[in-house]
Structures are given as structure tokens and as C-alpha cells.
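# Understanding the architecture of this molecule
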Amino acid sequence: SREVGRLGTRELAQLLVDMRDTMQARDGAGLAAPQIGVPLRVVIFGLAENPRYPDAAPVPYTELVNPVLTPLTDEQEEGWEGCLSVPGLRGLVPRFTRLRYEGFDPAGKRIVRDVDGFHARVVQHECDHLDGILYPMRIRDLRQFGFTDVLFPEMAGVDGDE
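As the structure is a computational prediction, the values presented were derived from the model and not from experiment. Throughout this document, residue positions are counted from 1 along each chain, in the order its sequence is written. Given that the model is predicted, a residue must reach a pLDDT of at least 70 before its local features are reported, and side-chain atom pairs must reach 80 or more before they are shown or counted; all residues, however, enter totals for whole chains, interfaces and linings. Each side-chain value is derived from all of the structure's non-hydrogen atoms; neither hydrogens nor water enter the calculation.

Where a protein is soluble and globular, its nonpolar side chains tend to be buried together. Among the buried residues, those of types Ala, Val, Leu, Ile, Met, Phe, Trp, Tyr and Cys that are joined through side-chain atoms within 4.5 Å form a nonpolar core. Categorising residues by exposure relies on relative accessible area from a 1.4 Å probe, with only protein chains included: less than 20% of the type maximum marks a residue as buried, more than 50% marks it as exposed, and the intermediate range marks it as partly exposed. Membership of the largest hydrophobic core comes to 19 residues, with the highest contact counts inside it found for Val 43, Phe 45, Leu 47, Tyr 101 and Phe 118. To qualify as a helix, a DSSP run of H or I must reach at least 4 residues; to qualify as a strand, a run of E must reach at least 2; elements of each kind are numbered from the N terminus. Residue contributions to this core peak at six residues, all from helix α2 (residues 117–130). Within the second largest apolar cluster, 13 residues are counted, among which are Leu 12, Leu 15, Leu 40 and Leu 84.

Below, the structure written as C-alpha cells:
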């Protein structure tokens, strides 16, 4: 994906509306612009209460342009992920447990946050999309990858994006 050259534009605002609508329609925790066919370095994420992630800590809604991720530890943890781009499937994916993300909000204000846990996982998942990486590419043991309704029968009918 290409970096966004100009912030605060009407086009960027409309892209973010489209992304938010798509994410909310699918009960997702995040979305990257390439997932809706726009090859720009823009991600959104956020989670309050979500039936797909009943045990996840809240993540503040964020619109992040031109993100840069820096791991704050070498420690990784495996966790289950799903994705709008790979519907109906889940996999156990290793992610850094703590990281710093930097970038800009749509108006050009700098964002710098140090995060951990589910928040860190969501940001890594969404930013992977910007580099053409889907979560199955990160799975270490493909026996831990399969259909959501088989792996988690209690989630049958619940599908969307990480």
C-alpha cells in the first residue's frame, strides 16, 4: 500500500466513513483500506463489546494513517484470529505482546501509543494488510487453522474481521 500524501482531505474522510461502515456491518475489531480495494496505508480499529470477542479488553476506536509499528519486546503470544478477507476461518497466530504504534489521525495530528494484549494484536493484524500479509501466512502450525464453526461451534454464524 502507498502512504497517504495529504491528510485532512475530503477523499480521506470518505474512505474512513466507508471503512467504518464496513467494519461495523461485520462486527469487526478493525479494517485496513486494502480490504475494501483502496491501496493506501490506512487502518481503523476499536472494540467496546463484541460478540466475536467476548473476553477481549476494550480497544479505543482509532483511525490511523501511515502507521509504523515498533515491537517493545521479543515476546510473542499465540491467539485466535479471523478476518473479513478470509471469511469463516480462524487460526492461531503469533503476535508481539507489546508494541508502539505511530502515525497520524485523519486531520494530521500525530498519534503515538504503547499498547499490549488484544490491542497490540489488532493493530498488528490490520497493519499486516498494508503489506499484503494475511493472518494464515503467519500461522506456525496449520493444524491450528480451520473453519470457525468446527473449531468454535459456539460461534457458528459469527464471522467478520479481526
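Secondary-structure assignment places Gly 28 in the loop between α1 (10–25) and β1 (30–32). Overall, the relative accessible area of 10% leaves Gly 28 in the buried class. Spatially, the C-alpha atoms of Gly 28 and Cys 83 are 8.3 Å apart, while their sequence positions differ by 55 residues.

Time to look at α1. In a regular helix each residue adds 1.5 Å, so 16 residues correspond to 22 Å; α1 covers 23 Å between its end C-alpha atoms and thus fits that length. Every buried residue of α1 is accounted for by Leu 12, Leu 15, Leu 16, Met 19 and Met 23. Taken end-on, α1 shows its buried residues confined to a sector of 100°, consistent with a single buried face. Exposed residues pointing more than 90 degrees away from the buried face of α1 are listed as Arg 10, Gln 24 and Ala 25. Along its buried surface, α1 packs onto β1, β2 (42–47) and β3 (59–71). Once α1 finishes, Asp 27 follows within two positions and takes phi at roughly 55°, a positive value. Here, expected helix span is obtained from the residue count minus one, scaled by 1.5 Å. This arc is taken over the directions from the axis of the helix to the C-beta atoms. Any two residues having at least one pair of non-hydrogen atoms within 4.5 Å are treated as being in contact.

Take it as geometry only, folks, not as evidence of what the structure does.
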